[in-house]
Amino acid sequence: MIGRLNHVAIAVPDLEAAARQYRDLLGATVSEPVDLPDHGVTTIFVETGNSKIELLHPLGEDSPIARFLERNPAGGVHHLCFEVEDIIAARDRLAGEGARILGDGQPKTGAHGKPILFLHPKDFSGVLIEIEEA
Ligand code: CO
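First things first, this report covers the structure right here in the doc. Source: prediction; values computed, not measured.

Cut-offs applied
Residues numbered from 1 in each chain as written. Predicted model: local features only at pLDDT ≥ 70, side-chain atom pairs only at ≥ 80, totals over all residues. Heavy atoms only, no water. Salt bridge = Lys/Arg side-chain N within 4 Å of Asp/Glu carboxyl O. Buried < 20%, exposed > 50% of the residue type's maximum accessible area, 1.4 Å probe, protein only. Helix = DSSP H or I, 4+ residues; strand = E, 2+ residues; numbered from the N terminus. Arc of directions from axis to C-beta. Contact = heavy atoms within 4.5 Å. Core = buried A, V, L, I, M, F, W, Y, C linked by side-chain atoms within 4.5 Å. Donors = N, O, S within 2.8 Å, 3.2 Å for Na, K, Ca; no water. Tetrahedral: all angles 85-135°; square planar, octahedral: opposite > 155°, others 65-115°.

## Section: the pattern of salt bridges
- Per the counting criterion, the structure on display carries five salt bridges.
- The residue D92 makes a salt bridge to R91 at a minimum N-O spacing of 3.0 Å.

Encoded structure:
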């Protein structure tokens, strides 16, 4: 069911410093920062050729990334995103197998303007999983 790894998301305490590391130290192509107020994050995407890295920084008062950074002050891997062909079919199949869908179960619009959902980390070896209709 799952397609390619779309991105690995890393929460970072300093977005500019993290972007500089990927751009200047690793020589990657790095996007401009994009604010996503609906998700409480500012994102920068790093192109890696076969996938992407999503750098995440808190935006606004009630950001889920702020809580993550309180527990992980140096930053850390926040989630993995896999592509699916049909997000509703994927959701229904996963829920049918007992996986917990976060939020109200309705897809939101993600960083690429496509529908996304998040799956509970306790059902996936402690890792938060995002699925994105691609
Ligand atoms: Co993501």
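## Quick look at helix α3 (residues 87-96)
- Buried residues of α3: I87, A90, R91 and L94, and no others. Looking straight down α3, one finds that the buried residues subtend no more than 100° of arc, so they occupy a single side. More than 90 degrees from the buried face of α3, the exposed residues found are R93 and G96.
- The inward-facing, buried residues of α3 abut β6 (76-84), β8 (115-119) and β9 (128-133).

## Here we look at the nonpolar core
- The biggest cluster of nonpolar side chains holds 13 residues, and the ones touching the most others in it are I10, Y22, V46, I53 and L55.
- Contributing elements (two or more residues each) for this core: β1 (5-11), α1 (15-25), β4 (41-47) and β5 (52-58).
- At four residues, the largest contribution of residues to this core is made by α1.
- Ignoring any residue separated from it by four or fewer positions in sequence, one finds I10 in contact with Y22, I53, E54, L55, L56, G76, V77 and H78.
- In this structure, V84, A99, I101 and L119 belong to the second largest nonpolar core, which totals eleven residues.

## Topic: the coordination of the cobalt ion
- Here the cobalt ion is held by the protein donor atoms H7 (NE2), E54 (OE), H79 (NE2) and E130 (OE), which lie 2.1 to 2.3 Å from it.
- Its four donor atoms give the cobalt ion angles of 85 to 171° at the centre, a pattern that matches the irregular case.
- In the primary sequence, the donor residues of the cobalt ion line up as H-x46-E-x24-H-x50-E. Of the two residues, H79 is situated in strand β6 and E130 in strand β9; the sequence distance between them amounts to 51 residues. The same class applies to H79 and to E130, which are both buried.

## What about the environment of R91?
- In this fold, R91 is placed in helix α3.
- Classification of R91 by relative accessible area gives buried; the value is 16%.
- Along the primary structure R91 and L117 are separated by 26 residues, whereas in three dimensions their C-alpha atoms are 8.0 Å apart.
- Setting aside its immediate chain neighbours within four residues, R91 contacts I101, G105, Q106, P107 and L117.

## With respect to helix α2 (residues 64-71)
- Taken residue by residue, α2 has I65, F68 and L69 as its buried positions. Projected down its long axis, α2 carries its buried residues within an arc of 95°, all on one side. More than 90 degrees from the buried face of α2, the exposed residues found are E70 and R71.
- Where α2 is buried, its residues meet β1, β4, β5 and β6.

These figures capture arrangement, not role.
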